[in-house]
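Structural characterization, general
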Amino acid sequence: MFATLSAPLRAASISVLAAGLALISVPADAQQTSSRMKGMQLSNDKPIQIQSDKLEIRDQENKAEFTGNVKVVQGTTTLQAGKMVVYYAASSGGSVASGDADIEKIDVSEKVYLKSGTQEATADTGTFNLVNETLLLKGEKVVLSEGKNVFVGCQLTVTMRTGEAKLDACGGRVMIQLDPKSRKQTN
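Rules of the game
Residues numbered from 1 in each chain as written. Predicted model: local features only at pLDDT ≥ 70, side-chain atom pairs only at ≥ 80, totals over all residues. Heavy atoms only, no water. Helix = DSSP H or I, 4+ residues; strand = E, 2+ residues; numbered from the N terminus. Buried < 20%, exposed > 50% of the residue type's maximum accessible area, 1.4 Å probe, protein only. Pairing = 2+ DSSP bridges. Disulfide = S-S within 2.5 Å. Phe/Tyr/Trp six-rings, centres within 6.5 Å; stacked < 30°, edge-to-face > 60°. Lys NZ or Arg CZ within 6 Å of the ring centre and 35° of its normal. Salt bridge = Lys/Arg side-chain N within 4 Å of Asp/Glu carboxyl O. Core = buried A, V, L, I, M, F, W, Y, C linked by side-chain atoms within 4.5 Å. Contact = heavy atoms within 4.5 Å. pLDDT = per-residue confidence, 0-100.

Our next topic: the environment of Q51. Mapped onto the elements of the fold, Q51 is located in strand β3 (residues 48-51). Given a relative accessible area of 36%, Q51 falls into the partly exposed group. When the C-alpha atoms of Q51 and G68 are compared, they prove to be 9.1 Å apart, with 17 residues separating the residues in sequence.

Structure below.
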């Protein structure tokens, strides 16, 4: 099934998924690390396309469920997952089908994959809370990469308004692998 949704879902900004890693030098044995993620921002100026094997809109429950090979594309950002559930405000009076829903939260699960330009992220699950503008990716192994630079933990929390990001190890250790050739040269 293919659905093109208008401004409110675009405001949900699947482009918030863009993992704009500001590369930092942090010891690989740190149990958590924080950074600024420049690519994390809300965008409502580009069309969004959603494809899935099935779409079930439950207006009574104020949600829409996309299941099976879910693929979301907005600009240069792509999200893929097995399932995506979009929750919208009951008070908005709109629905996803009419394109005028006020989206509150988006949950994705079943092998989450995000790509924006050269940046990629993988996780087991993800939640995009559009009310408080946060992104949470979780999994046994959450991997962020840009080229040869790789960040691994189990939970990534991003405040989309500021771009502030935190990667947790959840009892283990955060792993960061940085390629010195990726640093910007200043002359």
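And the narrative resumes.
Bringing the pairing of β3 into the picture now. With burial as the criterion, only one face of β3 is covered, namely that bearing I48 and I50; the residues Q49 and Q51 on the opposite face remain uncovered. Strand direction decides the pairing type here: β3 and strand β5 (residues 63-74), joined by four bridges, are antiparallel. Opposite Q51, over in β5, you have K71 as the bridge partner.

Applying the stated criterion to the full structure yields one disulfide. Between the sulfur atoms of C154 and its disulfide mate C170 the distance is 1.8 Å. A torsion of 105° about the S-S bond marks the disulfide between C154 and C170 as right-handed. Residue C154 is located in strand β10 (residues 149-159), and its partner C170 is located in the loop between β11 (164-168) and β12 (175-177); the two are separated by 16 residues in the primary sequence. Residue C170 is classed as exposed on the basis of its relative accessible area of 53%.

Scanning all chains against the criterion turns up zero aromatic pairs. The lysine or arginine in question, K105, covers the ring of Y87, its NZ or CZ lying 4.8 Å from the ring centre.

Let us now look at unusual backbone geometry. At N62, a residue that is not glycine, the phi angle is positive and equals roughly 55°. With respect to the secondary-structure elements, N62 resides in the loop between β4 (54-58) and β5. Despite not being glycine, E133 shows a phi value in the positive range, around 55°. Among the structural elements, E133 can be located in the loop between β8 (119-129) and β9 (134-146).

Now for the pattern of salt bridges. Using the criterion set out here, one finds ten salt bridges in the structure. Among the ionic pairs, E56 bridges to R58, the shortest N-O distance being 2.9 Å. Here K115 makes a salt bridge to E120, at a shortest N to O gap of 3.5 Å. Through salt bridges with shared partners, one network takes in K54, E56, R58, E61, K63 and E65.

Turning to the pairing of strand β7 (residues 103-116), a few remarks are in order. Pairing between strand β6 (residues 77-88) and β7: ten bridges, direction antiparallel. Among the inter-strand pairings, M84 is bridged to a residue of β7, identified as V108. Where β7 lies against β8, ten bridges are found, and the strand directions are antiparallel. Bridging from a neighbouring strand, V112 pairs with A123 of β8. Counted between consecutive antiparallel strands, the loop separating β7 from β8 contains two residues, among which G117 sits at a positive phi close to 65°.

Once that is clear, we can look at the environment of L55. Following the sequence through the fold, L55 ends up in strand β4. For L55, a relative accessible area of 22% translates into the label partly exposed.

Turning our eyes to something else, we now look at the nonpolar core. Grouped together as the largest cluster of nonpolar side chains are 34 residues, with contacts concentrated most on M84, I106, V108, L137 and L156. Sequence-distant contacts of L137, defined by excluding residues within four places in its chain, comprise L114, A121, A123, T125, G126, V142, C154, Q155 and L156.

Let's shift gears to the confidence of the model for the protein. Residues at a pLDDT of 70 or more form 70% of the protein, whose mean pLDDT is 75. Note on residues 1-42: pLDDT is under 50 here. Beyond four places in sequence and across chains, it has 139 contacts.

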